[in-house]
Amino acid sequence: MLRFETAGESHGECLVATLTGLPASVPISVAQVNRELWRRQQGFGRGGRMKIETDQVEIVSGVRHSITIGSPVAMIIRNKDWKNWSNILPVEGEGDGDRKPVTKPRPGHADLAGGIKYDFMDARYILERASARETTSRVAVGALCKQFLAQFGIGVLSHVVQVGTAQLEREATWQELEGLHSREEVLLNCVDGETEQRMKEVIDVAYRTGDTVGGVFEVVARGVPVGLGSHIAWDTRLDGRLAQAIVSMQAVKGVEVGSAREQAREYGSKVQDTIHYDKEEKRFHRGSNKAGGLEGGITNGSDIYVRGLLKPISTLRRPLESVDLTTRESTAAAYERSDIAVVPAAGVIGEAMVAIVLAQALLEKFGGDSLRETKRNYDHYIEQVRNY
Ligand SMILES: Cc1cc2nc3c(=O)[nH]c(=O)nc-3n(C[C@H](O)[C@H](O)[C@H](O)COP(=O)(O)O)c2cc1C
């Protein structure tokens, strides 16, 4: 089983991630991990924090001479801002700085529910971990999974399809997504320049008015073989597992597989992907891909399409009403340096989550201790599928 864990606080020493179960001999590039970390920090609408941090991974176990060796991969990403917080959040003692307590919980954050649950009057201890800074670790893990998936010709990319009311009105091609992935400057990671400008204008309004906006990102996975996941039980269905992975992301409140929202409005005759057979090439193909590459919780060989629906960022420069935990009086919610819109970054995190779930499903089906063994199992299965 491929499993990962993350640890670390937003203003702590570092973010940590471990990934256990990758086969031995998977080629690993640290530069590719750093590239993904960089992509997570981009996008118009980010706050001051992302200007402080330039995330770089340190792989401290599990990879030697640029390949995995089968042991758990452990990674650290240091927080540059730690030097300003070591006195505020020391591991031992009180420190001699202001503890920056958060006693005015912010609506839409874990501040109040977490404070009550963990019995703290200072929501600082809650928000430090609830923060989406945690997704740095996920992206590092996802970057390893992407490198593993690439060995099987599987690619995972994303783009932004909506920011507030500004929406992309057409589909994006794989080539366009590859173009976005190699860009050195990221505005909103949208394939259409005119739509991207409209998205920027929505964020400009939020900047001016002390507000925030959400949106929708789409993750596409190409090259996924037919037969990952299974219809046999609720927790083996790959659509459900992808949905859980996407909604586990901070601020993601909805998920869409294929064109689900459109399908809910249509008649059945309009939404199923018809089945065809090419007798010369001896292979099945589909008339469309509205299912987003998944039927009955099983991959069907078409590209996988998953969207994440983000609510607007919860911390507002024009704070909403709250209650002070110490005085119990009404007050404006706390303000902590904050992003205004994060849809492109969320897309990068979504890619990581999809890559992790696909790598897990692939290893469940073809698992081996070495890449060679896994590839052998994969090749035999592909041969079986060809002869079906
Ligand atoms: C990439 C990314 C960056 C985020 N940055 C912020 C931020 O700067 N300020 C903020 O209030 N929320 C931010 N959020 C959202 C919060 O982390 C999230 O809303 C909060 O943890 C509560 O969780 P929930 O919205 O999933 O219920 C961000 C989310 C993502 C995905």
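A few points on the structure.

The rules behind the values
- Residues numbered from 1 in each chain as written.
- Predicted model: local features only at pLDDT ≥ 70, side-chain atom pairs only at ≥ 80, totals over all residues.
- Heavy atoms only, no water.
- Helix = DSSP H or I, 4+ residues; strand = E, 2+ residues; numbered from the N terminus.
- Rg over C-alpha atoms; globule rule 2.2 N^0.38 Å.
- Buried < 20%, exposed > 50% of the residue type's maximum accessible area, 1.4 Å probe, protein only.
- Contact = heavy atoms within 4.5 Å.
- Areas by Shrake-Rupley, 256 points an atom, 1.4 Å probe, with all protein chains shown as cover.
- Phe/Tyr/Trp six-rings, centres within 6.5 Å; stacked < 30°, edge-to-face > 60°.
- Lys NZ or Arg CZ within 6 Å of the ring centre and 35° of its normal.
- Pairing = 2+ DSSP bridges.
- Near = heavy atom within 4 Å.
- Polar contact = N/O pair within 3.5 Å; in protein donor to acceptor, adjacent residues only side chain to side chain.
- Nonpolar A, V, L, I, M, F, W, Y, C, P; charged D, E, K, R; others polar.
- Axes fitted to C-alpha atoms, helices over the stretch in contact; angles between N-to-C directions.

1. A word on the overall build of the protein
1) Next: Looking only at helices and strands, one finds 13 helices and 17 strands in the protein.
2) Next: For 388 residues, the compact-globule estimate of 2.2 N^0.38 gives 21 Å, and the C-alpha radius of gyration of the protein, at 22 Å, lies within 12% of that figure.
3) Next: Counting only C-alpha atoms, the protein reaches 75 × 50 × 40 Å along its principal axes.
4) Next: Counting only residues that meet the buried cut, the protein has 49% of its 388 residues in that class.
5) Next: Looking at the protein alone, contacts between residues at least 24 apart form 71% of all its contacts between residues at least 6 apart.
6) Next: Carbon and sulfur atoms make up 52% of the accessible area of the protein, which totals about 19100 Å².

2. So, the packing of aromatic side chains
1) Next: Taken as a whole and judged by the stated rule, the model has eight aromatic pairs.
2) Next: When the ring of F148 is compared with that of F152, the centres are 5.3 Å apart and the planes differ by 65 degrees; the resulting orientation is edge-to-face. F152 carries the same exposure label as F148, and that label is buried.
3) Next: Aromatic ring contacts, followed pair by pair, group F148, F152, F366, Y378 and Y381 into a single cluster.
4) Next: Here the guanidinium or amino end of K200 rests over the ring plane of F44, the centre of that ring lying 4.9 Å away.
5) Next: Sitting over the face of the ring of Y381, K365 holds its NZ or CZ atom 4.1 Å from the ring centroid.

3. Remarks on the sheet that holds strand β15 (residues 304-310)
1) Next: Pairing in this open sheet of five strands is antiparallel, and the strands run β8-β7-β9-β15-β10 from one edge to the other. Single-partner strands in this sheet number two, and they are β8 (166-167) and β10 (252-257).

4. Section: the site of the ligand
1) Next: Close contacts around the ligand come from 16 residues, with H109, K311, T315, S338 and D339 the closest.
2) Next: The separation between an oxygen atom of the ligand and a polar side-chain atom of H109 is 2.6 Å.
3) Next: The contact in question runs from an oxygen atom of the ligand to an N or O atom on the side chain of T315, over 2.4 Å.
4) Next: Looking at the shell around the ligand residue by residue, the classes come out as seven nonpolar, six polar and three charged.

5. A few points about the environment of E201
1) Next: Take E201: it is sitting in helix α8 (residues 193-209).
2) Next: Along the primary structure E201 and A74 are separated by 127 residues, whereas in three dimensions their C-alpha atoms are 41 Å apart.

6. Side note on the side chain of T136
1) Next: Within the element layout of this structure, T136 appears in helix α6 (residues 135-150).
2) Next: In this structure T136 comes out as buried when scored by relative accessible area, which is 0%.
3) Next: In this structure the side chain of T136 is engaged in a polar contact, spanning 3.2 Å, whose partner is the side chain of R40.
4) Next: Beyond its immediate stretch of four places on either side in the chain, T136 contacts L15, L37, R40, D55 and I77.

7. Comments concerning the pairing of strand β9 (residues 215-222)
1) Next: Among the eight residues in β9, seven count as buried, and that is most of the element.
2) Next: In the sheet, β9 pairs with β15 via seven bridges, with the strands oriented antiparallel. Along β15, the bridge assignment pairs F217 with G308.

8. Considerations on the sheet that holds strand β6 (residues 73-78)
1) Next: With antiparallel pairing, four strands are arranged side by side in an open sheet as β1-β2-β6-β3. Both outer strands of the open sheet, β1 (3-7) and β3 (57-61), are each paired with one neighbouring strand and no more. Strand-to-strand, the axes of this sheet are offset by a mean angle of 20 degrees, without reference to chain direction.
2) Next: Bridge count for β3 against β6 is four bridges, and the pairing is antiparallel. Residue pairing for β6: V57 is matched across the bridge by I77.
3) Next: The sheet contacts of helix α1 (residues 30-40) involve β3 and β6, and relative to β3 the element is tilted by about 135 degrees.

9. Here's the deal with the packing of α1 against helix α12 (residues 343-366)
1) Next: At a minimum axis separation of 8 Å, α1 and α12 run at an interaxial angle of 145 degrees. Along the contact surface, α1 presents E36, R39 and R40, while α12 presents A345, V348, I349 and E351.
2) Next: Tallied by class, the residues present in the contact of α1 with α12 amount to three nonpolar, no polar and four charged.

10. Details of the pairing of strand β2 (residues 14-20)
When a strand is regular, its side chains alternate between the sheet's two faces.
1) Next: Both β1 and β2 contribute to a ladder of five bridges, which runs antiparallel. Bridging from a neighbouring strand, T6 pairs with A17 of β2.
2) Next: Linking β1 back to β2 in an antiparallel pair, the connection comprises six residues, with G8 at a positive phi of about 125 degrees.
3) Next: Where β2 meets β6, six bridges bridge the pair, whose relative direction is antiparallel. Directly across from C14, in β6, lies its bridge partner R78.

Scope: geometric values only; no functional claims are made or implied.
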